[in-house]
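Per-entry structural report
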Amino acid sequence: MSVMSSVMRGASRLAHTDPALLSRFLCSSRSSTSLLTCQQSRTLAIRQVKGQRKQKSSKPVKVKLVKQEVEIRQRMTVKALAEAMNKDFNHVLEALLNTEVDVYAMQPNSVLKEHLIKEVVTRSGMKYRWAKLSVSRERENRDAHRRPPADPTRAEPRHPVVTIMGHVDHGKTTLLDSLRKSQMVSMEAGGITQHIGAFLVQLPTGEKITFLDTPGHAAFSSIRARGANATDIVILVVAADDGVMNQTVESIQHARKAKVPVIVAVNKCDKPQADPQRVKHELLAHDVVCEEFGGDVQAIHISALKGDNLLALAEATVVLAEVMELKAERGGPVEGLVIESRTDKGKGPVTTTIIQQGTLKRGSVLVAGKSWAKVRFLFDENGRAVAEAGPSTAVEVVGWKELPSAGEVILEVESEQRAREVVEWRSYEEAQKKLQEEQSIIELKQKQHLDEYRKEREGLSHLSWRQRKWALHRANKAKFPTRAGEKIQREEIMLPIIVKGDVDGSMEAILNVLDSYDAQQQCQLELIHFGIGDISENDVSLAETFGGSIYGFNVAVNKSIQQLATKKNVPLRLHSVIYKLIDELKDELSSKLPPIVTQNTVGE
C-alpha cells in the first residue's frame, strides 16, 4: 500500500509539472500491451486453422432429408388427397399427368385407385403410410322378431277374419251393413268406401266374424292388397248385372298372391237384368271355378240391399273357417298388423289393428316399423273403451309416439328401453341400406360421366392438351356459364303441390296415383310436401314459397287458415271423393300447358 501510494503521488506530481512526459509514458505502455495481445491472437488463430484443417480432412456429414408423411386410405377422392398432402387440387392433377387417368375429366369428388394415390404421393416427394383402420365392431342385431309358431296343445280356436273385396259400387259396404244392421253407406262421401274398415259381427247362430271392408276404387289397390294379407278368407262381391270388372280381377290376384281361399257372393240378384250364370262363366277365365262347374269355390246368390240369402253366405263362411281349423295362442307376446293409421286431435296417433297372436292389454309396449307405443287406451269399432283384445279382434290403439305406416307388423316387447333399441336398430339398418344405394348410384353416374367425356374427346385426340382444353371450353361455354348474368333462365313448366290426407291409407293411394304421372316433359309435377292431418299455417307458407297449390283429402281447414291462404293467394283444393281430387289435379296440370294452335282453312 505504501509503494502504491508513493507511485500515485509521483504520478500526480508529474502530471502537474510535465503533462507531455506523462502522455508519452502512457502511450509506450499501451503499445506494449497491444503487441502482447496481437501475439496471443495470432497463436489462437493458428490453433483454430489447425482445427479446421483437421475437420476438413475428416469425412463429410450427410444431412438426412425428412420427407413429409401422408396418411392415405383406400377410395380417396382427389380433394381428400390434396388436403392430406396440404396441396391444392391442381397439384394433384399435375402429378397425375402421363398416367392412364384422364386429367381433364377429374373432379374434386372423383375417387382414385390405390396405385394412383401412391403415385401422386411419390411424385410429390413425399412418403405415404396407411391410415389405421378403426376397429369398428359389427353392431349387434337388436331387432324384434316374430315368435315361433303356436304350440298346437296350447292353441285355442279363434273366429275368422274375412275381407270383403270387389269392384267399386258392387255392394260391398251394403252387404256389411246388412250383416251388422248399420247404415255405413249413408255416412260415406260419394256413396263409396275410401278407407279400410274393421268390424266384429255376431251372427244369429252365435258365431263371430271380423270383417274388413276394403275400397273398390282403382286408386286403392295397395289397401286391397293389405286387406288380403291380413285375412283368413276373402268374400269376392260381384254384381250380377255388371259382371267381372277391373278391380274384381285385381282382387282375385291379391287373394291368390296371399294364398287365401275365396267365396264368391253374386250380389244384386234381385234386379231384373241380373245374370248370375254370366258372372260364373266370366270368373272361369280367371281360374275361379265354382262348385257347380267342378271347382272348390262356393258361389252364393244374394241381395245385400234386401238381405236375401245372407244367412247362407254367413254359414258358408263359418263352415270354411271350421275346415281351415283356425287357432291362435292367447298367451305370450302380442303379434298384430296395422290396418290403418291416422292422427286424432284428442288422442294423437291412432292405429286400427288386427290382433293375430296373444292378448293386447293396456300398458303393453308395442313396436311397429320405426315407431313404438305404450298402450294407453283400446277402443272397439263403436268407440267404446275395452280392457283387452284377443286374437282376430280389431281394435284402435292409442299411445304411439309416432304414427306407424299402414301394413306394418306389430310386435310386443318387454320394456320401453327394449322398444327404443328396436327402433334405433331399424333406423340404423335403413340408413345403411340407403347409403349403399346412394354409393352405387354415385359410382354409376361417375362411370356414365366418364364415358360421355371420353366419347366427346374422341374427335380431339390429334390436338395438344392446350388446344384440346380450349376447344372443350368453347364447346361448353354456353352449357356452363360462369357469370350470374350469363345464366340461362329455366323455361320448364312446373306445378308444385302439397297433399294432406286424413289417414295413411288414403295418403298412400294418392301418392300411388301421383307416381303414375308420366308427362314430366310437358309439365313437371313436383310434390313439395305430404302428410297426415289438417292443413296448417306451415303448409300455407310452404305453398306460398314455392308458388304451389294445396290438395286436401277428407281434412278440415279452420277459418283463420282459409283467410291466410286467401291473403297469400294459395289455392286450397279440398275433396272428400278421391276421383274428384284426381280430376281437379288433371285440370290444373292441363291449364299449365300452352294452348295448341290449330289452323283450319275454310276457303281460299
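Here we summarise the structure given alongside this text. (Residues numbered from 1 in each chain as written. Predicted model: local features only at pLDDT ≥ 70, side-chain atom pairs only at ≥ 80, totals over all residues. Heavy atoms only, no water.)

**Let's talk about the overall build of the protein chain**
Tallying secondary structure elements over the protein chain gives 16 helices and 22 strands in all. Classification of the 604 residues of the protein chain by burial places 39% in the buried group. Taking all contacts inside the protein chain whose residues are at least 6 apart in sequence as the whole, residues at least 24 apart take part in 71%. Here the protein chain displays about 36,800 Å² of accessible surface, and carbon together with sulfur accounts for 52% of that area. (Helix = DSSP H or I, 4+ residues; strand = E, 2+ residues; numbered from the N terminus. Buried < 20%, exposed > 50% of the residue type's maximum accessible area, 1.4 Å probe, protein only. Contact = heavy atoms within 4.5 Å. Areas by Shrake-Rupley, 256 points an atom, 1.4 Å probe, with all protein chains shown as cover.)

**Looking at the packing of aromatic side chains**
Scanning the model with the defined rule gives two aromatic pairs in all. Geometrically, the ring pair formed by Phe 377 and Phe 379 is tilted, given 6.1 Å between the ring centres and 35° between the ring planes. Taking the centre distance of 5.7 Å and the plane angle of 40° together, the rings of Trp 425 and Tyr 428 count as tilted. With Trp 425 and Tyr 428 both in helix H11 (residues 416-456), this residue pair falls three residues apart, about one helical turn. Seen from the ring of Phe 379, Lys 347 lies directly overhead, with NZ or CZ sitting 4.1 Å from the centre. (Phe/Tyr/Trp six-rings, centres within 6.5 Å; stacked < 30°, edge-to-face > 60°. Lys NZ or Arg CZ within 6 Å of the ring centre and 35° of its normal.)

**Some thoughts on the pairing of strand E1 (residues 69-72)**
Across the two faces of E1 the burial differs, with Val 70 and Ile 72 buried and Glu 69 and Glu 71 not buried at all. As paired strands, E1 and strand E2 (residues 127-130) are joined by four bridges and run parallel to one another. Considered in E2, the bridge of Glu 69 is made with Lys 127. (Pairing = 2+ DSSP bridges.)

**Quick notes on the sheet that holds strand E12 (residues 348-357)**
Strand order around the closed barrel formed by six strands is E11-E12-E17-E15-E14-E18, with antiparallel pairing between neighbours. Neighbour-to-neighbour, the strand axes of the sheet open up by a mean angle of 50°, direction not taken into account. (Axes fitted to C-alpha atoms, helices over the stretch in contact; angles between N-to-C directions.)

**Re the pattern of salt bridges**
Using the criterion set out here, one finds 29 salt bridges in the structure. The shortest N-O distance in the salt bridge between Lys 500 and Asp 539 comes to 2.7 Å. Taken together, the positions of Lys 500 in strand E19 (residues 494-501) and Asp 539 in helix H14 (residues 537-546) put the pair 39 residues apart, joining distant regions of the chain. Asp 539 gets classed as buried once you look at its relative accessible area, which sits at 4%. With its nearest N and O atoms 3.5 Å apart, the salt bridge here joins Lys 568 to Glu 544. Placement of the pair is Lys 568 in the loop between helix H15 (559-567) and strand E22 (572-575) and Glu 544 in helix H14, with a sequence separation of 24 residues. Taken together, the salt bridges that share partners define one network made up of Arg 142, Glu 414, Arg 418 and Glu 421. (Salt bridge = Lys/Arg side-chain N within 4 Å of Asp/Glu carboxyl O.)

**A word on the nonpolar core**
Counting residues in hydrophobic clusters, the biggest one holds 26 residues, and the most contacted among them are Leu 175, Phe 211, Ile 235, Ile 263, Ile 302 and Leu 313. Secondary-structure elements contributing two or more residues to this core are strand E4 (161-166), helix H6 (172-180), strand E5 (197-202), strand E6 (208-213), strand E7 (233-239), strand E8 (262-267) and helix H10 (310-324). Counting residues per element, this core draws most heavily on H10, at seven residues. Once residues lying within four places of it in the same chain are set aside, the contact partners of Ile 235 are Val 162, Thr 163, Ile 164, Met 165, Phe 211, Ile 263, Ala 265, Leu 313 and Thr 317. Within the second largest apolar cluster, 21 residues are counted, among which are Ile 72, Met 76, Met 85 and Ala 95. (Core = buried A, V, L, I, M, F, W, Y, C linked by side-chain atoms within 4.5 Å.)

**Thoughts on the pairing of E7**
Burial of E7 is extensive: seven of the seven residues sit out of reach of the surface. Along E7, one buried face is formed by Ile 233, Ile 235, Val 237 and Ala 239 and the opposite face, lined by Val 234, Leu 236 and Val 238, is buried too. As defined by bridge partners, E4 adjoins E7 across five bridges and the pair is classed as parallel. Bridge pairing links Met 165 to Leu 236 in E7. Since E7 and E8 lie parallel, the crossover through helix H8 (residues 246-257) that links them has a hand, and here it is right-handed. (Right-handed = clockwise from strand over helix to strand, strands pointing away.)

**Observations concerning the sheet that holds E19**
Hydrogen bonds between backbone atoms are what pair the strands of a sheet, whose relative direction is either parallel or antiparallel. With parallel pairing, four strands are arranged side by side in an open sheet as E20-E19-E21-E22. A strand with exactly one partner marks an edge of an open sheet, and here the two such strands are strand E20 (524-532) and E22. Within the sheet, the average angular offset between the axes of one strand and its neighbour, ignoring direction, is 20°. As paired elements, E19 and E20 share eight bridges and run parallel to each other. Opposite Lys 500, over in E20, you have Gly 531 as the bridge partner. Helix-sheet contacts for H14 involve E19, E20 and strand E21 (549-553), and the interaxial angle to E19 is about 170°.

**Considerations on the side chain of Asn 267**
Here Asn 267 is to be found in strand E8. Relative accessible area serves as the criterion here: at 3%, Asn 267 is assigned to the buried category. Within the structure, Asn 267 has its side chain in polar contact with the backbone nitrogen of Ala 304 (distance 2.9 Å). (Polar contact = N/O pair within 3.5 Å; in protein donor to acceptor, adjacent residues only side chain to side chain.)

As far as function goes, none of this settles anything; it's purely spatial.
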